[in-house]
Every structure is written in C-alpha cells, then in structure tokens.
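Chain residues, written in single-letter form:
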Amino acid sequence: MITEKETVLVTGGAGFIGSHTTVALQEAGYRVLILDNLCNSDVAVLDAIAEITGEAPGFIEGDIRDRALLDEVFANHRIDAVMHFAGLKAVGESSAEPLSYYDNNVNGSLQLLQAMQRASVRTIVFSSSATVYGEPQSLPLTESHPRSATNPYGHTKLVVEEMLESLHASEAGWRVARLRYFNPIGAHGSGRIGEAPQGTPNNLLPYVAQVATGRRTEVQVFGADYDTPDGTGVRDYIHVLDLADGHVAALAYCRRTHNELLTVNLGTGKGHSVLEMIAAFEQASGKQVPYKIVARRPGDIAQCWADTEKAYRLLGWRASRTLSEMCEDAWRWEQSRGGVEAAGK
Ligand code: NAD
Ligand code: WQD
C-alpha cells in the first residue's frame, strides 16, 4: 500500500498492454502520466481508461526519441518511476524495415534512459519478451535459458535488455525490471479497452476474433506437423489483466528493494495449441471459427511456455485468469468494436 500518490510515466500507455497496465496502476493508487506518439493507438483510449477507473491519466502526445520533450516532461512532473512499453512489435515488419525498429526500440530506449539519468529518475520497468529465448532448448523456459534472436524485433529486445544491465552495473541506485512477456491476449472486462491491430492481425487471437465476427473468412493455421500433441504450435497465452497486475507487482518489488536488476517471466506456465485456442474461442463466442491448415510460418518455433516460479517467489504474483476468461473478454471487446476497422486510428 502506498501512502502518498507516486507518479509513473508510462511510455506507450495508449497501446494494448500499456492501457491495461495504466488501469491497474491507477487502481493500485498510482498517478499515471502517459507519453505516446499514437503511431499504433488511438487517443480515445484515454476516455475509456477514465471511464473504467474514474480518473483520466495525464497524457502527452510525443515521441520517446524527442530529447527536448523528454527533458521537459521530467522537469515539469515529479516522476517516481517509468514503465516503458513504447516501441514497435511486428516481427515480419521488423525484417522489412529493420532500421525503424532499431530507431524506435533501441534509440528510443536509449533516449529515454539518458533523460532519466539526467533527471535522476532511476526506476524502470521494461517490456521485454519471451522472444529473447529464441528456439527453446528446454521447457519450461526459465529466466536463465540462453538468449538469442532470429529477427530484428527480437534483437532490439536483446539490445535493450543488455543496455539496462550495463547501466545498472555502472551506477548505483538503478532499479530495473525486465519483464519477459509470453503471449498476452484478452481485454478489460468492461469491453472498453483491448487489442486493436491495424490491418491484418499478425497474432493468432485477434485473427481468430475477426473470423468469429465474420470479418475474415477463415483462420490459416500455420503448420500441423510440429512435434506437439495435435501438430499445431503451442504457446503460453496470458490474460492482459494478469500481465498488468504483474507490472504493479514488479514495481512494488523495485520500490521495496534497492539497486535491483529483476528479470522475470510473465506467463501462466501452461501451453495451448492453435487448435485448442480456436476451440476455446468458439466456446466463448458461440460462433464457428472455420480454419485451414497451411504451411508453417517461417521463423516460428514449435512450442514454448514459461517457468513461473521466479515471478511467484520474488513478486508473489501468479496469473489467475483462465483461458475461457481470456477468450470471453477478447470476444466482448471485438463485438464492442462493431467489426469495423477501428484499429489504431
Ligand atoms: P502496442 O503497439 O499496442 O503499444 C505500443 C504503444 O507505443 C503504442 O500506443 C504506440 O503508439 C506507442 N509507441 C510506439 N513507438 C513510440 C515512440 N517512438 N514514441 C512514443 N510512443 C510510441 O503494443 P503492445 O502489445 O501494447 O506492446 C507493448 C510493449 O510490449 C512493446 O514494447 C512490445 O514490444 C512488448 N511486447 C508485446 C508483446 C505482445 O504480444 N503484445 C509481447 C512481448 C512484448
Ligand atoms: C501464435 C501461434 C503461430 C497466426 C509473436 C512474436 C513474439 C511476441 C508475440 C512480442 C503460433 C500460430 C498465428 C495465424 C496461426 N511478441 N498462428 N495463424 O508467434 O508466439 O509470437 O507474438 O514480443 O515476439 O513472435 O504469436 O500469435 O503470432 O502465434 O496458426 O494467423 O499461432 O504459428 O503457433 P507468436 P502469434
């Protein structure tokens, strides 16, 4: 419990995970200031957050690569900690436009950390990814599993993880959390905020949801010849609200420890196949989700799921929401969007 309201600067707070985490932070008693350039989100999210929590988060439209703006933000607001979600995340696009990924994700993080250093704000929670484990050598994936990357997006996450580690080692007082997300899905139960991919969704669940509404005709299942129980890819899907709670727990951990470099997985520890996900979504929505087995997607791994013990031991946090809840909440959100190209903008 916090006695005096602390302010968290949330970069990328208008996006999918940042908006749900903003709600969780406000509900935990923090004040939130969002910095987002809206390149993949809509300003209407702010009203939705205010409706849910009864409090509008502060908002600055701007880019994390804008040095002058960052200095202004830190000079004009008493920031206690930063949660850093801002970045680009489409794996395929990162191979086509690597420089914009290095610029947004690596240069953006560098600018942010330098501004934090200038302002003596030394607590940061960073959105890393299970993608840093590359091809799993053993399962479940523990935080000590070797890291590697197979695409520019993954490389940017590795570089920022390293940057944070070097910074932490170089100067006393830094409290750093590197949170490795598995596959976040679902939406807030109000149906007011959720995932709004622009154009054709890259990820499985938003695609399945759009097939259920009839907006797309069928799911293409990328490979049914993997060494998994039904041959389709297995992933650790986690409700975005559990993920958001994990951030609040990580921040609380950073606040009660000193000079900490925390690296934890945020997952459920359970894997589900593509076909299981389609069946679960049909069950939750009451709609048919036609699918067709097609070739494997290049670069995909067969299966992965998290070892969740470290997060529980250090943070006292575990994911609690079921697969049905994830699908029901994603379905409510998809319906509330009315099947239109709501997308980011
Ligand atoms: P998102 O695209 O919904 O949110 C990112 C937000 O950052 C958007 O609102 C976008 O407008 C903003 N943004 C991007 N570049 C910016 C910049 N240069 N300056 C200011 N704002 C900028 O994505 P998300 O799913 O919420 O992901 C958040 C973070 O979590 C990302 O760093 C992503 O790499 C990481 N992550 C996501 C997943 C996932 O599956 N969604 C998994 C692992 C890690
Ligand atoms: C899940 C499963 C696909 C779409 C990606 C990024 C990763 C992370 C999360 C940020 C796989 C299959 C998918 C479709 C399908 N992001 N699939 N048809 O691949 O685990 O991870 O997003 O860090 O970096 O690589 O998630 O949702 O794309 O795929 O059959 O139309 O669904 O092959 O088995 P993935 P996903």
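What you see is a predicted model; the values in this text were computed from it and never measured.

**Structural notes on the overall build of the protein**
Then step 1. The helix and strand tally for the protein stands at 11 helices and 13 strands.
Then step 2. In terms of overall dimensions, the protein has a C-alpha envelope of 55 × 45 × 40 Å along the principal axes.
Then step 3. On the protein, roughly 14500 Å² of surface is accessible, and the fraction owed to carbon and sulfur atoms is 48%.

**Re the confidence of the model for the protein**
Then step 1. In this model, the protein carries a mean pLDDT of 95, and residues with pLDDT of at least 70 account for 97%.
Then step 2. In this model, residues 339–345 is a region of pLDDT below 50 whose contacts with residues beyond four sequence positions or in other chains number 21 contacts.

**As for the site of ligand 1**
Then step 1. Close contacts around ligand 1 come from 27 residues, with Asp36, Asn40, Ser41, Asn104 and Tyr153 the closest.
Then step 2. Between an oxygen atom of ligand 1 and a side-chain N or O atom of Lys89, the distance comes to 2.8 Å.
Then step 3. The contact in question runs from a nitrogen atom of ligand 1 to an N or O atom on the side chain of Asn104, over 2.7 Å.
Then step 4. Calculation on ligand 1 without its partners gives an accessible area of 820 Å², and the protein chains cover 95% of this total.

**Looking at unusual backbone geometry**
Then step 1. The amide bond that connects Leu139 to the next residue, Pro140, takes the cis arrangement and shows omega of -5 degrees.
Then step 2. Within the element layout of this structure, Pro140 appears in the loop between strand E5 (123–129) and helix H6 (152–170).
Then step 3. One non-glycine residue, Leu38, adopts positive backbone phi at about 60 degrees.
Then step 4. Assignment of secondary structure puts Leu38 in the loop between strand E2 (31–36) and helix H2 (44–53).

**Section: the side chain of Thr268**
Then step 1. The residue Thr268 is located in the loop between strand E11 (261–266) and strand E12 (272–273) in this model.
Then step 2. At a separation of 2.7 Å, a polar atom in the side chain of Thr268 contacts the side chain of Asp236.
Then step 3. In this structure the side chain of Thr268 is engaged in a polar contact, spanning 3.0 Å, whose partner is the backbone nitrogen of Lys270.
Then step 4. Sequence-distant contacts of Thr268, defined by excluding residues within four places in its chain, comprise Asp236, Tyr237, Ile238, Thr308, Ala319 and Met326.

**Comments concerning the site of ligand 2**
Then step 1. Contacts to ligand 2 come from 17 residues, most closely from Ser129, Tyr153, Gln220, Arg235 and Asp300.
Then step 2. Separating an oxygen atom of ligand 2 from a side-chain N or O atom of Ser129 is a distance of 2.6 Å.
Then step 3. Between Arg235 and ligand 2, the recorded distance is 2.5 Å, taken from a side-chain N or O atom to an oxygen atom.
Then step 4. Protein chains bury 86% of the 680 Å² of accessible surface belonging to ligand 2 in isolation.
Then step 5. Here the shell around ligand 2 takes 3 residues from strand E8 (residues 219–222), the largest share from any one element.
Then step 6. In terms of residue class, the shell around ligand 2 is made up of 7 nonpolar, 7 polar and 3 charged.

**Comments concerning the packing of aromatic side chains**
Then step 1. Within this structure, the stated rule accounts for 2 aromatic pairs.
Then step 2. Note on Tyr133 and Phe182: the rings are 6.4 Å apart at their centroids and 35 degrees apart in plane angle, and the pair reads as tilted. With Tyr133 in the loop between E5 and H6 and Phe182 in the loop between strand E6 (175–181) and strand E7 (183–185), this residue pair connects regions lying 49 residues apart in the sequence. Like Tyr133, the residue Phe182 is buried in the burial classification.
Then step 3. Aromatic pair Phe281 and Trp331: ring centres 6.0 Å apart, planes at 90 degrees, arrangement edge-to-face. Of this pair, Phe281 sits in helix H9 (residues 274–285) while Trp331 sits in helix H11 (residues 323–336); the two residues are 50 residues apart in sequence, bridging distant segments of the chain. Per residue, the accessibility class of Phe281 equals that of Trp331, and both read buried.
Then step 4. Cation over ring: Arg216 sits above Tyr207, and NZ or CZ is 5.7 Å from the ring centre.

**Side note on the packing of helix H3 (residues 67–76) against helix H5 (residues 98–119)**
Then step 1. Interhelical geometry of H3 versus H5 gives an angle of 40 degrees and a closest axis separation of 10 Å. Considering their axes alone, H3 and H5 lie oblique with respect to each other. As H3 runs across H5, the sense of the crossing is right-handed. Contacts from Arg67, Leu70, Asp71 and Phe74 in H3 reach Gln111, Leu112, Ala115, Met116, Arg118 and Ala119 in H5.
Then step 2. For the contact of H3 with H5, the residue count by class is 6 nonpolar, 1 polar and 3 charged.

**Overview of helix H7 (residues 204–212)**
Then step 1. Most of H7 is tucked away: 9 of the 9 residues are buried.
Then step 2. Buried residues belonging to H7 abut E7, E8, strand E10 (237–239), H9 and H11.

**Description of a nonpolar patch on the surface**
Then step 1. On the surface, Leu99, Tyr102 and Val159 cluster together to form a nonpolar patch covering roughly 280 Å² of accessible area.
Then step 2. Position of Val159 relative to the elements: it lies in helix H6.

**A few points about the nonpolar core**
Then step 1. If you look at the biggest cluster of nonpolar residues, it comprises 38 residues, and the most contacted ones within it are Val10, Leu25, Met83, Leu179, Leu251 and Leu315.
Then step 2. At 9 residues, helix H8 (residues 240–256) tops the list of elements feeding residues into this core.

**Let's talk about H2**
Then step 1. Looking at H2, one finds that the buried residues are Val45, Leu46, Ala48 and Ile49. When H2 is viewed along its axis, its buried side chains cluster within an angular range of 160 degrees and face the same direction. Summarising the geometry of H2, the exposed residues directed more than 90 degrees from the buried face are Asp47 and Glu51.
Then step 2. Summarising the contacts, the buried residues of H2 are in contact with helix H1 (16–27), E2 and strand E3 (58–61).

Definitions and limits used
- Position labels on residues start from 1 in each chain and follow its written sequence.
- The lettering of chains begins at A and the numbering of ligands begins at 1, in the order of writing.
- Only residues with pLDDT of at least 70 are given local features in this predicted model, and only at 80 or more are side-chain atom pairs given and counted; all residues enter the totals for whole chains, interfaces and linings.
- The side-chain quantities take in all heavy atoms of the structure and omit both hydrogens and water.
- Strands here mean DSSP runs of E at least two residues long; helices mean DSSP runs of H or I at least four residues long; both are numbered from the N terminus.
- Surface exposure here means Shrake-Rupley accessible area, sampled with a 1.4 Å probe, where a residue is shielded only by the protein chains that are shown.
- Confidence of the prediction at every residue is given by pLDDT, a number between 0 and 100.
- Residues count as neighbours in contact if any of their non-hydrogen atoms are within 4.5 Å of one another.
- Proximity is defined per residue: if any heavy atom of the residue lies within 4 Å of a molecule or strand, that residue is considered near it.
- Pairing of N or O atoms within 3.5 Å defines a polar contact, subject to two protein rules: one partner must be a possible hydrogen donor and the other a possible acceptor, and residues neighboring in sequence count only if both atoms are side-chain atoms.
- Here the term charged refers only to Asp, Glu, Lys and Arg, the term nonpolar to Ala, Val, Leu, Ile, Met, Phe, Trp, Tyr, Cys and Pro, and the term polar to all other amino acids, Gly among them.
- Centres within 6.5 Å are what make two rings of Phe, Tyr or Trp a pair, Trp counting through its six-membered ring; a difference in plane orientation under 30 degrees is then read as stacked, over 60 as edge-to-face, and the rest as tilted.
- Only protein chains enter the calculation, and the probe is 1.4 Å; a residue is then buried if its accessible area is under 20% of its type maximum, exposed if over 50%, and partly exposed in between.
- Geometrically, a lysine NZ or arginine CZ counts as sitting over a ring once it is within 6 Å of the ring centre and also within 35 degrees of the ring normal.
- Axes, fitted as lines to C-alpha atoms, cover a helix only where it is in contact. Angles between the N-to-C directions of the axes lie from 0 to 180 degrees.
- Orientation is classified from the angle alone, with under 35 degrees giving roughly parallel, over 145 giving roughly antiparallel, 65 to 115 giving roughly perpendicular, and any other angle giving oblique.
- Helix crossings get a hand from a simple test, with the near helix turned counterclockwise from the far one by less than a right angle marking a left-handed crossing and a clockwise turn marking a right-handed one.
- The residues that make up patches have over 30% relative accessible area and no salt bridge, and they are joined within 9 Å when like-charged or within 5 Å when they are Val, Leu, Ile, Met, Phe, Trp or Tyr.
- The term salt bridge refers to a side-chain nitrogen of Lys or Arg lying within 4 Å of a carboxyl oxygen of Asp or Glu.
- Take the buried residues of types Ala, Val, Leu, Ile, Met, Phe, Trp, Tyr and Cys, join any two whose side-chain atoms come within 4.5 Å, and each joined set is a nonpolar core.
- This arc is taken over the directions from the axis of the helix to the C-beta atoms.

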